[in-house]
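Residue-level structure breakdown
The lines below spell out each chain.
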Amino acid sequence: MTHKNEPLDPKAMQAWVQAAKKSAPSGDLEALNWVTPEGIVVKPLYTAQDIEGLDQVNSLPGFEPYLRGPQATMYAVRPWTIRQYAGFSTAQESNAFYRKALEAGAQGVSVAFDLATHRGYDSDHPRVVGDVGKAGVAIDSVEDMKILFDGISLDRVSVSMTMNGAVLPILASYIVAANEQGVPTSALTGTIQNDILKEFMVRNTYIYPPEPSMRIIGDIIAYTAQEMPKFNSISISGYHIQEAGANQALELAFTLADGLEYVKLAMDKGLAVDEFAGRLSFFWGVGMNFYLEIAKMRAARMLWCRIMKDFGAKSPKSMMLRTHSQTSGWSLTQQDPYNNVVRTTIEAMAAVFGGTQSLHTNSFDEAIALPTAFSARIARNTQLILQEETHITSVVDPWAGSFMMERLTQDMADKAWEIIEEVKALGGMTQAVQSGWAKLKIESAAASKQARIDSGQDVIVGVNQYRLSAEQEANETPVEFLNVDNVRVRQEQIDRLAHIKQTRDESRVKAALTALTEGAKSKDANLLALSVEAMRLRATVGEVSDALEEVFGRHRADTHKVTGVYAQAYDSAQGWEQLKGEINEFAKVQGRRPRVLIAKLGQDGHDRGAKVVASSYADLGFDVDIGPLFQTPEECARQAIENDVHAVGISTLAAGHNTLVPAIIEQLKVQGGQEIIVFVGGVIPPQDYEVLYAKGVKGIYGPGTPIVASAKDVLENIKANLV
């Protein structure tokens, strides 16, 4: 029996409406609608009427507008590439992990660098004492890069490197390491992230100001277009935009707007669009908003095709958006952490249904610490199970033709295009970033999301609903976590640096670094080509960065906070007004409001948590100062004393807490601010709590702690300290 695709009978539709009203709250059918954070209305029922006039319904995968996928057969012929994004302290340990992962089914290597490397500091620099090897692998020279890829054939294994700030010395050292392995530059495959606009918006691992940073990107695109035809010169990242708090429409719009800016930059360098655009790739975050994530990825391909045609692209490779994806780290919870295995699986399925070309699945313990080999295996096997056991790969774009998904894809595209038009009106993404407008949009979304969670509007299982009792939590077996011996790793790196400097030709290195500095002054020189020569002679990451800093300077970001957003979204839930009253009473008694400094220490630039806390505490009535990024403990203590704060709150997400938090407590004592209390929030293994309390920390607030609960505790500690 066959069925014609005919409009729904109006009588049948009316019958459904009547039946639905009977079950809807108070008979209100609109109460069944879900309004997304973007303002998109998701209905409980979609029909053929919802997709009338949508051209993409009749599109095919592998053909314009590529909504259904960049390849005609997609996973039916070639499943997505399984990647493992990891970096463990030293190059030796990371190399061992990569080799085991490749043997166990991983098909590419994705490198996580430590924060010292990201920020262009060698491991012996005094500003990175607590950062070396903590949140990724420490790379100071070509010698480290050679160890990192020892036994891994770089002519056969695709390598993805998440690097933006120190992109020149890192990409250069990878090229040299491959050459010394016997692999020609032209044979290298993989991706360098090289997306600096995103860094200025959210992740903050920049080094130089926006203008010279954009020049570096142009030089890399030009060099790779000529020398590395198989290598993706830029991965335009929405992942970190979403992790910083953006909803799906903001992530989509800002990422495509960044891409648009990079295309203009390359064309201004004299490249024809079809010379380089086929090697641009994208990187999406995939969170728990299942339908919207699928719609976002489908809409992204359709919009990118439109953008590239506007640039005059003729080659299909220029118009088809290819993407890597990663499941959300922010969605992972410290409470009931094995729930995270389920979350990651759901997010991985959304990425696959959305048509990703490669995927990294986060480990369940990453809300607590760096992943262990055990948790990383589960994350990798999640993808293998999806590929090998589910038969999901057998069908190209299985959501195609769905009334709901096609409508949602168009709605997502329309919402994102509105934002892109706003960006264009501001003068492009570089202007939107420099003005702070883009960052404030993301921070507002983040504050609103946190308020919805804290007030119970958005349910997080095991956190704000269905939480284990205190007795059950106490009886849970602690999750094992990876603990990096930062002192040992740093000393090993310092020793290797010393050996390199003793055995290299110092005069040739100095000449190469001088050439790099002179090249930075001239727009005609290619800075990647000059960096390759310097790294080949065994210059270090820090030396190359310093040579450029002589001309470009080092960027300092402004600090600011949004106000009113958290309070509005919190909607006067229980405890909010009461705590505001207590803060007002404190002000009457003490003659001033409780004052806190929210700070980041070391090179950890992930500031979503710090900004949300600062904004929400301000909405409650605290006087809030925000420290500049990348402070040392000495600088933070000085600011706290000068601003006469009652408390310092340290936000830590990069495993430096055991080094940096005791250091700030000691510096407060040394500088005469011993009456100032210290509290800590972020990714801290429960096993470290007692260590920090013993050092003098007054409060520790892990992921999932409601803002009102932490603020109440901070206020009580301040009161107790004043008695």
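Position numbers for residues start from 1 in each chain and track the written sequence from start to end. Per-residue local features are limited, in this predicted model, to residues with pLDDT of at least 70; the limit for side-chain atom pairs, both in listing and counting, is 80 or more; totals at the level of whole chains, interfaces and linings are taken over all residues. As a rule here, side-chain values cover all heavy atoms of the structure and leave hydrogens and water aside.

Per the convention used, a helix needs a DSSP run of H or I reaching at least four residues, while a strand needs a run of E reaching at least two, with both numbered from the N terminus. When you go through the protein residue by residue, the secondary structure sums to 29 helices and 16 strands. Along the first, second and third principal axes, the C-alpha atoms of the protein reach 85 × 70 × 50 Å. Classification of the 723 residues of the protein by burial places 59% in the buried group. Residue contacts follow a heavy-atom distance rule, with two residues in contact if any of their heavy atoms lie within 4.5 Å. Taking contacts inside the protein between residues at least 6 apart in sequence as the whole, the part at least 24 apart equals 79%. Under the convention used here, a 1.4 Å probe and the Shrake-Rupley method define accessible areas, while residue burial counts only the protein chains that appear. Element-wise, carbon and sulfur atoms account for 51% of the exposed surface of the protein, whose accessible area totals about 28500 Å². In this count, Lys and Arg are taken as positive residues and Asp and Glu as negative ones, while His and the chain termini are left out. The location of each charge is read from NZ of Lys, CZ of Arg, CG of Asp or CD of Glu. Computed over 69 positive and 87 negative side-chain charges, the separation of the two mean positions in the protein equals 2 Å. Exposure classes here rest on a 1.4 Å probe applied to the protein chains alone. A residue is buried below 20% of its type maximum, exposed above 50%, and partly exposed in between.

Turning our attention to the packing of aromatic side chains. Stacked, edge-to-face and tilted are the three classes for Phe, Tyr and Trp ring pairs, Trp counted by its six-membered ring, which pair at centre distances within 6.5 Å; planes under 30 degrees apart are stacked, over 60 edge-to-face, the rest tilted. Counted according to the given criterion, the structure contains 20 aromatic pairs. Measuring from ring centre to ring centre gives 4.9 Å for Tyr 338 and Phe 364, while their planes differ by 35°; the resulting arrangement is tilted. Within this pair, whereas Tyr 338 is found in the loop between strand E10 (323-327) and helix H13 (339-354), its partner Phe 364 is found in the loop between strand E11 (358-360) and helix H14 (373-388), the two being separated by 26 residues in sequence. Every member of this aromatic cluster is reached through a ring pair, and the members are Phe 290, Tyr 291, Phe 353 and Trp 399. We call a charge positioned above a ring when the Lys NZ or Arg CZ atom is no farther than 6 Å from the ring centre and deviates by at most 35 degrees from the ring normal. It is Lys 43 that lies over the ring of Tyr 46; its NZ or CZ is 5.1 Å from the centre.

A few words now on the layout of surface pockets. Estimated volume of the second largest pocket: approximately 530 Å³. A cavity here means a set of points on a 1 Å grid, drawn over the protein atoms and nothing else, where a 1.4 Å probe fits but cannot get out; a pocket is an open set with protein on both sides within 12 Å along at least five of seven lines, and a residue lines either one if it has an atom within 4 Å of a point. Gln 334, Gln 335, Pro 337, Glu 473 and Pro 686 are the residues nearest the centre of the second largest pocket, which is lined by 23 residues in total. Of the residues contributing to the lining of the second largest pocket, the split by class is twelve nonpolar, seven polar and four charged. Grid points are joined across faces, edges and corners, and a volume is the space filled by probe spheres set on the points. For this scheme, ten residues count as nonpolar: Ala, Val, Leu, Ile, Met, Phe, Trp, Tyr, Cys and Pro. Four count as charged, namely Asp, Glu, Lys and Arg, and the remainder, Gly too, count as polar.

Moving on: the pairing of strand E9 (residues 280-286). Note on strand geometry: in a regular strand, side chains alternate between the two faces of the sheet. A large share of E9 lies buried, amounting to seven of its seven residues. Going residue by residue along E9, you find Leu 280, Phe 282, Trp 284 and Val 286 tucked away on one face and Ser 281, Phe 283 and Gly 285 tucked away on the opposite face as well. Taken together, the four bridges between strand E8 (residues 234-237) and E9 define a ladder with parallel strand orientation. Looking across to E9, one finds that Ser 235 is bridged to Ser 281. Pairing of E9 with E10, which is carried by five bridges, proceeds in the parallel orientation. By the bridge assignment, Val 286 is partnered in E10 with Thr 327. Note on pairing: DSSP must find at least two bridges between two strands before they are called paired.

So, about the pairing of strand E12 (residues 595-599). Within E12, four of the five residues are buried, which leaves the element mostly enclosed by the surrounding structure. Both E12 and strand E13 (residues 623-626) contribute to a ladder of four bridges, which runs parallel. Among the inter-strand pairings, Ile 598 is bridged to a residue of E13, identified as Ile 626. Viewed with both strands pointing away, a crossover whose connecting path from the first strand over the helix to the second turns clockwise is right-handed. Following the backbone out of E12, through helix H25 (residues 608-620) and into the adjacent parallel E13, one traces a crossover that is right-handed. In this structure, E12 lies alongside strand E14 (residues 647-652), joined through four bridges in parallel fashion. When the sheet's bridge partners are listed, Ala 599 is paired in E14 with Ile 650.

Here the focus is a nonpolar patch on the surface. On the surface, Val 459, Val 461 and Tyr 466 cluster together into a nonpolar patch covering about 300 Å² of accessible area. Looking at the element boundaries, Val 459 is found in the loop between helix H17 (437-454) and helix H18 (470-475). Within this analysis, patches are made of residues with over 30% relative accessible area and no salt bridge. Like charges are joined at 9 Å or less; nonpolar side chains (Val, Leu, Ile, Met, Phe, Trp, Tyr) at 5 Å or less. A pairing counts as a salt bridge when a side-chain nitrogen of Lys or Arg comes within 4 Å of a carboxyl oxygen of Asp or Glu.

Turning to its location among the elements, Gly 329 is positioned in the loop between E10 and H13. Residues contacting Gly 329, with those up to four places away along its chain left out, are Tyr 239, Glu 243 and Asn 362.

In this analysis an axis means a line fitted to C-alpha atoms, helices contributing only their contacting stretch, and an angle means the value between N-to-C directions, from 0 to 180 degrees. At a minimum axis distance of 8 Å, the contact between helix H5 (residues 167-180) and helix H21 (residues 527-536) shows a crossing angle of 60°. In terms of their interaxial angle, H5 and H21 are classed as oblique. Regarding H5 and H21, the two cross each other, and that crossing is right-handed. When H5 is examined against H21, the residues Leu 168, Pro 169, Leu 171, Ala 172, Ser 173, Ile 175, Val 176 and Asn 179 are found in contact with a partner set consisting of Leu 527, Leu 528, Ser 531, Val 532, Met 535 and Arg 536. Its residues assigned to classes, the contact of H5 with H21 comprises ten nonpolar, three polar and one charged. If an angle is under 35 degrees, it is roughly parallel; if it is over 145, roughly antiparallel; if it lies from 65 to 115, roughly perpendicular; otherwise it is oblique. By convention, the crossing between two helices is left-handed when the near helix turns anticlockwise from the far helix through less than a right angle, and right-handed when the turn is clockwise.

Next up on the list: the environment of Val 487. You can see Val 487 is positioned in helix H19 (residues 486-503). Of the residues examined, Val 487 reaches a relative accessible area of 63% and is grouped as exposed. Measuring from C-alpha to C-alpha, the distance between Val 487 and Gly 133 comes to 9.3 Å, with 354 residues separating the pair along the chain.

Considering the arrangement of structural elements, one finds Ser 160 in strand E5 (residues 158-161). Those residues within four positions of Ser 160 in sequence are excluded, and the remaining contacts are Arg 83, Val 109, Ser 110, Val 111 and Thr 191.

Attention now moves to the pattern of salt bridges. One pass over the full model with this rule turns up 41 salt bridges. Two residues, Lys 296 and Glu 251, come together in a salt bridge whose shortest N-O distance is 2.7 Å. Linking Lys 296 in helix H11 (residues 290-310) with Glu 251 in helix H9 (residues 248-268), this pair joins segments that are 45 residues apart in sequence. For the pair Lys 296 and Glu 251, a shared accessibility class is recorded, and that class is buried. Among the salt bridges present, the one from Arg 595 reaches Asp 623, with a minimum N-O distance of 4.0 Å.

In the contact formed by helix H26 (residues 633-642) and helix H27 (residues 657-670), the axes pass within 8 Å of each other and the chain directions differ by 45°. Relative to H27, the element H26 is oriented oblique. In this structure, H26 meets H27 at a crossing whose hand is right-handed. Contact with H26, carried on its side by Pro 633, Glu 634, Cys 636, Ala 637, Ala 640 and Ile 641, involves Leu 660, Ala 663, Ile 664, Gln 667 and Leu 668 of H27 and no other residues of that element. Classifying every residue of the contact of H26 with H27 gives nine nonpolar, one polar and one charged.

Here we take up helix H24 (residues 576-590). How far a helix is expected to stretch is found by multiplying one less than its residue total by 1.5 Å. If you check H24, its first and last C-alpha atoms are 21 Å apart, about what 15 residues at 1.5 Å a residue would give, namely 21 Å. Regarding H24, the residues found buried are Trp 576, Leu 579, Glu 582, Ile 583, Phe 586 and Ala 587. Mapping the buried residues of H24 onto a view down its axis gives an arc of 145°, with all of them on the same face. Residues of H24 that are exposed and point over 90 degrees away from its buried face: Gln 578, Lys 588 and Val 589. By construction, the arc corresponds to the directions joining the helix axis to the C-beta atoms.

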